Amino acid sequence: MSYTQTYLDRCQELLDGVRTQESAIQTAADWFSKSILAGRMVHVFGSGHSRIMVEEMWPRYGSFPGFNPIVELSLTFHNLVVGANGQRQAMFLENIPNFASQILRNFDLSEIDSALVISSSGCNIVPIEMAEIFQSKGIKTVGLISKKHSEASTSKRSDGKKLQDFCDLVLDSGAPVGDAMVQIEGLETPVAPGSTIGSCMLINTVKAEVANLLNKAGHPPKVLTAGAVIGAEKAAAIFQAAYDEHGHRIAKMYQQNGIPSYVSEQNSMK
């Protein structure tokens, strides 16, 4: 059997694993849709390569407003690899205590919100603290991890706690310990990771269920759609409307944030 077939077989196993989580997927979608219908947002955070799942949720074709993608460039900018803004620094910063609180200091969080935090290992400090802060504020928090990898890994926190310890619900990408899924003959370590595959399937199943719930509630989502599907004019109109809605939602995250000013006091009177 070729290595291509081996990898695809492993991916089929990931798909089968996602199928077993339908109840949890529905629960996450229920929490998320309630936040969106209330005019609030679902905060989505991932550091390192987990930013892929944040961007998979929103904004891209087939997605819709209601999600607040929190992507910190200092934790996710991999292009240069070494030198200034290199990968070493990003991986170092990913384990700096209290960095999460500085990120979330920018938002006026509410218990009406919900959150999704992605980390394959669930062991890095920043995503763990993100979930800890969300949960402390009464925000329903979903974690997306690789359970096998997380269980075999050591938390970077001094108390040993992991992302799942601060989540109301956990989704499992199904990726193996170490993530890589293909063992090459003569090569000591495996290649071809799987967490992105499993995680993206989970992201999009949740997205589909949320869209259904919003539609049933009488508020069909403004789904970014290609002109090849609905025509260029309609696609452009939805594009503008979706981004405007995102702006209206995100504005609420700043209006009453932090230290009061005469501007925030004026907004509270409106």
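Look above for the structure.
So, here's what we can say about the structure. As the structure is a prediction and not an experimental result, all values here were calculated from the model. (Residues numbered from 1 in each chain as written. Predicted model: local features only at pLDDT ≥ 70, side-chain atom pairs only at ≥ 80, totals over all residues. Heavy atoms only, no water.)

## Let's talk about the pairing of strand S4 (residues 140-145)
Along a regular strand, successive side chains alternate from one face of the sheet to the other.
In step 1: For S4, a buried count of 5 out of 6 residues is recorded, marking the element as mostly surrounded by other parts of the structure.
In step 2: Sheet topology places strand S3 (residues 114-118) next to S4; 5 bridges connect them, and they run parallel. Following the sheet pairing, Ser114 is matched in S4 by Lys140.
In step 3: Crossover handedness for the path S3 to helix H7 (residues 125-136) to S4: right-handed.
In step 4: In this sheet, strand S5 (residues 169-172) lies alongside S4 in parallel orientation, the contact comprising 4 bridges. Residue pairing across strands places Leu144 opposite Leu171, the latter belonging to S5. (Buried < 20%, exposed > 50% of the residue type's maximum accessible area, 1.4 Å probe, protein only. Helix = DSSP H or I, 4+ residues; strand = E, 2+ residues; numbered from the N terminus. Pairing = 2+ DSSP bridges. Right-handed = clockwise from strand over helix to strand, strands pointing away.)

## A closer look at the nonpolar core
In step 1: Judged by nonpolar contacts, the single largest core of 31 residues is most densely connected at Phe32, Phe67, Leu116 and Val210.
In step 2: When sequence neighbours within four positions are dropped, the list of residues in contact with Leu116 reads Phe32, Val42, His43, Val44, Phe45, Met57, Val142, Leu144 and Ile203. (Core = buried A, V, L, I, M, F, W, Y, C linked by side-chain atoms within 4.5 Å. Contact = heavy atoms within 4.5 Å.)

## Re the packing of helix H2 (residues 22-37) against helix H9 (residues 195-216)
In step 1: With their axes 8 Å apart at the nearest point, H2 and H9 run at an angle of 50 degrees to one another. It follows from the interaxial angle that H2 and H9 lie oblique. The hand of the H2/H9 crossing is right-handed. Counting all contacts with H2, which are made through Ile25, Gln26, Ala28, Ala29, Asp30, Phe32, Ser33, Ile36 and Leu37, the residues of H9 involved are Leu202, Thr205, Val206, Glu209, Val210, Leu213 and Leu214. (Axes fitted to C-alpha atoms, helices over the stretch in contact; angles between N-to-C directions. Parallel < 35°, antiparallel > 145°, perpendicular 65-115°, else oblique. Left-handed = near helix turned anticlockwise from the far one by under 90°.)

## Some words on helix H11 (residues 232-255)
In step 1: The terminal C-alpha atoms of H11 lie 35 Å apart, and with 24 residues this matches the ideal 34 Å at 1.5 Å per residue to within 8%.
In step 2: Of the positions making up H11, those classed as buried are Ala235, Ala242, Glu245, His246, Arg249, Ile250 and Met253.
In step 3: Looking at the buried residues of H11, the elements they touch are H2, strand S1 (42-46), strand S2 (67-70) and helix H10 (227-230). (Expected span 1.5 Å × (residues − 1).)

## With respect to H9
In step 1: Helix length check: H9 (22 residues) gives 32 Å between terminal C-alpha atoms against 32 Å at 1.5 Å per residue, within 8%.
In step 2: Of the residues one or two after H9, Gly218 is the one with positive phi, at around 90 degrees.

## Re the packing of aromatic side chains
The description of an aromatic ring pair rests on the distance of the ring centres and on the angle between the ring planes.
In step 1: Counted according to the given criterion, the structure contains 5 aromatic pairs.
In step 2: With a centroid separation of 4.4 Å and an interplanar angle of 40 degrees, the aromatic rings of Phe239 and Tyr243 are classed as tilted. Of this pair, Phe239 and Tyr243 both sit in helix H11, separated by 4 residues, roughly a single helical turn. (Phe/Tyr/Trp six-rings, centres within 6.5 Å; stacked < 30°, edge-to-face > 60°.)

## Focus on the environment of Gln12
In step 1: Relative to the elements of secondary structure, Gln12 occurs in helix H1 (residues 3-19).
In step 2: Placed 186 residues apart in sequence, Gln12 and Gly198 show a C-alpha to C-alpha distance of 9.7 Å.

All we've got here are geometric facts, nothing functional implied.
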